[in-house]
Amino acid sequence: MAESYTFTLKEKSPVTHDTYRLVFDRPEGFEFESGQCTHFAFDRDGWRDEDRPFTMTSQPEERDRVEFVIKTYPDHDEGMTKHIPEMTPGDKVIGDAPGGAITDKGPGVFIAGGAGVTPYIPILRRRAKDGDLAGCTLIYSNQTEKDIILREEWEQMDGLETVFTVTDQADADVDTRMIDAEFLKDHLGDKDRRFYICGPKEMVNDVREALKDAGVDQDNIVTENGW
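Residues numbered from 1 in each chain as written. Predicted model: local features only at pLDDT ≥ 70, side-chain atom pairs only at ≥ 80, totals over all residues. Heavy atoms only, no water.

J.: Please set out the overall build of the protein chain residue by residue, giving values where relevant.
T.: A count of helices and strands for the protein chain gives 4 helices and 11 strands. Considered along the principal axes of its C-alpha atoms, the protein chain spans approximately 50 × 35 × 30 Å. Put simply, the protein chain has 227 residues, and 51% of those count as buried. Restricting the contact set of the protein chain to residue pairs at least 6 apart, pairs at least 24 apart contribute 67%. Surface summary for the protein chain: the accessible area is close to 10900 Å², and the carbon and sulfur share equals 43%. If you average the places of the 27 positive and of the 48 negative side-chain charges in the protein chain, the two averages end up 2 Å apart. (Helix = DSSP H or I, 4+ residues; strand = E, 2+ residues; numbered from the N terminus. Buried < 20%, exposed > 50% of the residue type's maximum accessible area, 1.4 Å probe, protein only. Contact = heavy atoms within 4.5 Å. Areas by Shrake-Rupley, 256 points an atom, 1.4 Å probe, with all protein chains shown as cover. Lys, Arg positive; Asp, Glu negative; His and termini not counted. Charge placed at Lys NZ, Arg CZ, Asp CG, Glu CD.)

Below you can see the structure in the form of structure tokens.
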């Protein structure tokens, strides 16, 4: 990492069955915008080159802390997120300079798959605090209902329209379709507004093309690269 920062874990708590909220001391000079991420790696032998991108979910003005909400993948034998549940206060990670395509570029439709919701956490929280969620919709896909990150918080945000869908739970109380062209037809609404997309790479690419085919201007589509 050309520019690096050391983060020390202060606290860890569960968000869902496989997702954790991690709060670190904020390194001096670490400046970011809501929605941006840093690539960080465990500060331990054998792991310093195994960095992955994670979004800061705290607000930029919170000077004494920086928060991440991280989904773990226990079935990924060599993946670093498998070891997130083992972390304890005092553990350190090394991060690089913040970056990423998704920042708050105005109200619109926020489309996410799985952990792709994390860039929207600080953006929508800020808008909720400012009473500025008019015109904002969250369309969020997961495998099952128990995988929906911060569901209650989203549902309680005054002014935010929420659309949840799951793909691997036939008896769910929410939609059970993939976010594809047919799904978007039912939820697209005004096409002359901002559309944000974040999630697995294939999903991001498919949804981007579906939006363009539906008549959404490319300049109104904001995407993260996916993974």
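Here the narrative resumes, following the displayed structure.
J.: Which residues make up the pairing of strand β10 (residues 194–198), and what values go with them?
T.: Of all 5 residues in β10, 4 are buried; the element is thus mostly enclosed. By the bridge criterion, 5 bridges tie strand β7 (residues 108–113) to β10 in an arrangement that is parallel. By the bridge assignment for β10, phenylalanine 110 is matched with tyrosine 196. Where β10 and strand β11 (residues 221–223) come together, 3 bridges link them in parallel fashion. By the bridge assignment, phenylalanine 195 is partnered in β11 with isoleucine 221. Between the parallel elements β10 and β11, the chain passes through helix α4 (residues 201–213) in a crossover that is right-handed. (Pairing = 2+ DSSP bridges. Right-handed = clockwise from strand over helix to strand, strands pointing away.)

J.: Lay out the sheet that holds strand β4 (residues 52–55) in plain terms, naming residues and giving numbers.
T.: In spatial order, the strands read β4-β3-β6-β1-β2-β5; together these 6 strands make up an open sheet with antiparallel pairing. The sheet is open, and its two borders are formed by β4 and β5 (66–71), each paired with just one other strand. Each adjacent strand pair in this sheet contributes to an overall mean axis angle of 45°, direction not counted. Sheet topology note: the strand β1 (residues 4–16)/strand β2 (residues 19–24) ladder contains 6 bridges and is antiparallel. Within β2, the position partnered with serine 13 by the bridge is arginine 21. (Axes fitted to C-alpha atoms, helices over the stretch in contact; angles between N-to-C directions.)

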